[in-house]
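# Remarks on the overall topology
These are the residues of each chain, in order.
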Amino acid sequence: MSMQEFSDNLSTLSYMSRHRIPTWIYDSKNKTLFGRTLCSWTLCILFYLIYYACLATFFTCLLWLVLYCNVPENQPARTGMQSLLDFKPGLGFRPLLDVQKSLISYSSGDSQTYLPYTQNMDAYLDTYIQVNAKPDSQFASCEGKQGETKDVDKVCKFPLEKLGPCTSRDNFGYSKGSPCVLLKVNKVFGWMPSINNPSASNDILVSCSGQVSLLDVTKIRLLFLD
């Protein structure tokens, strides 16, 4: 064999070795891919599909037992003194333009200064207007002295006429120097406000203080919303 033929054969062998698939990836003789036959790969994939399906079913049943069997549907799991709120509901108010600031400051002679407050009140009471438009059959009967009702699945209707002079037509008293502030009690399951003297008044006593100008002392009307 001449040197030229030997060189040509060596080049051909090098070219074939660079493009040949290693046997550990695919063995054409035994018909295996990564050491497994087609039947072996099929059984392996089928095993893991069944395994993870059973695992997912197990965790789904476990979550269902914990969330749906132990937690009541109509009330929280912990109520009353066992809850974190401990029958101490939070108290909010409207109008509230900025959650970081609770001061209400305006001039009764300038409508542009109290317009944001009245708009905030209108937006808040609009929900009550829409709810009150529903038929009376969807509300509970709350005609008692303390608004008690036996129908716990329904809410009492809150007529906006109970707000008295605090209406949008009168700018909620802001134009007259006697602004209205609506107090909002956060919902706590099973909580009923204690009234000191039910025979005298059905109102809840609340004490508050604020910053007022010595030149313009205004009367703030506090009204409760359910």
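Source: prediction; values computed, not measured. All residue numbers refer to position in the chain's written sequence, counted from 1. Only residues with pLDDT of at least 70 get local features here, since the model is predicted, and only at 80 or more are side-chain atom pairs given and counted; chain-wide, interface and lining totals rely on the full set of residues. Side-chain measures were taken over the full set of non-hydrogen atoms in the model, leaving aside hydrogen atoms and water.

## Some remarks on the overall build of the protein chain
Counting from the N terminus, the helices are DSSP H or I runs at least four residues long and the strands are E runs at least two residues long. In terms of regular secondary structure, the protein chain is built from three helices and five strands. Secondary structure elements of the protein chain, listed N to C terminal, follow the sequence α-β-β-α-β-α-β-β. A buried classification covers 15% of the 226 residues belonging to the protein chain. Any pair of residues with heavy atoms lying within 4.5 Å of one another is described as a contacting pair. Within the protein chain, contacts between residues at least 6 apart in sequence are counted, and of these 62% link residues at least 24 apart. Think of it in three bands: with a 1.4 Å probe and only protein chains considered, a residue is buried below 20% of the maximum accessible area for its type, exposed above 50%, and partly exposed in between.

## Quick word on the nonpolar core
Among the nonpolar cores identified, the biggest contains 15 residues, and Leu-125, Tyr-128, Leu-160, Leu-163, Phe-172, Tyr-174 and Leu-182 are the most heavily contacted of them. Residue assignment for this core shows that the elements contributing at least two residues are helix H3 (111-132) and strand S4 (180-185). The greatest single-element share of this core, amounting to six residues, is contributed by H3. Setting aside chain neighbours within four positions, we find Phe-172 in contact with Thr-118, Met-121, Asp-122, Leu-125, Cys-166, Thr-167, Ser-178, Pro-179 and Cys-180. Here, nonpolar core means buried Ala, Val, Leu, Ile, Met, Phe, Trp, Tyr and Cys residues that are tied together by side-chain atoms lying within 4.5 Å of each other.

## Section: the UniProt feature "transmembrane region" (unreviewed entry) in the protein chain
Cross-referencing UniProt, the feature "transmembrane region" (unreviewed entry) maps to residues 38-67 in the present numbering. The span residues 38-67 shows a helical share of 100% and a strand share of 0%, and its end C-alpha atoms are spaced 43 Å apart. UniProt positions are given in the numbering used here, feature names are shortened, and annotations may be inferred rather than shown by experiment.

## Quick look at the pattern of salt bridges
The working definition used for a salt bridge is a side-chain nitrogen of Lys or Arg within 4 Å of a carboxyl oxygen of Asp or Glu. Here the structure, examined in full by the defined rule, presents one salt bridge. Put simply, Lys-157 and Asp-136 hold a salt bridge, and the shortest N to O gap is 3.1 Å. One end of the pair, Lys-157, is in the loop between H3 and S4; the other, Asp-136, is in the loop between H3 and S4, and 21 residues separate them in sequence. By relative accessible area, Lys-157 is classed as partly exposed at 32%. Here Asp-136 falls in the exposed class, since its relative accessible area comes to 55%.

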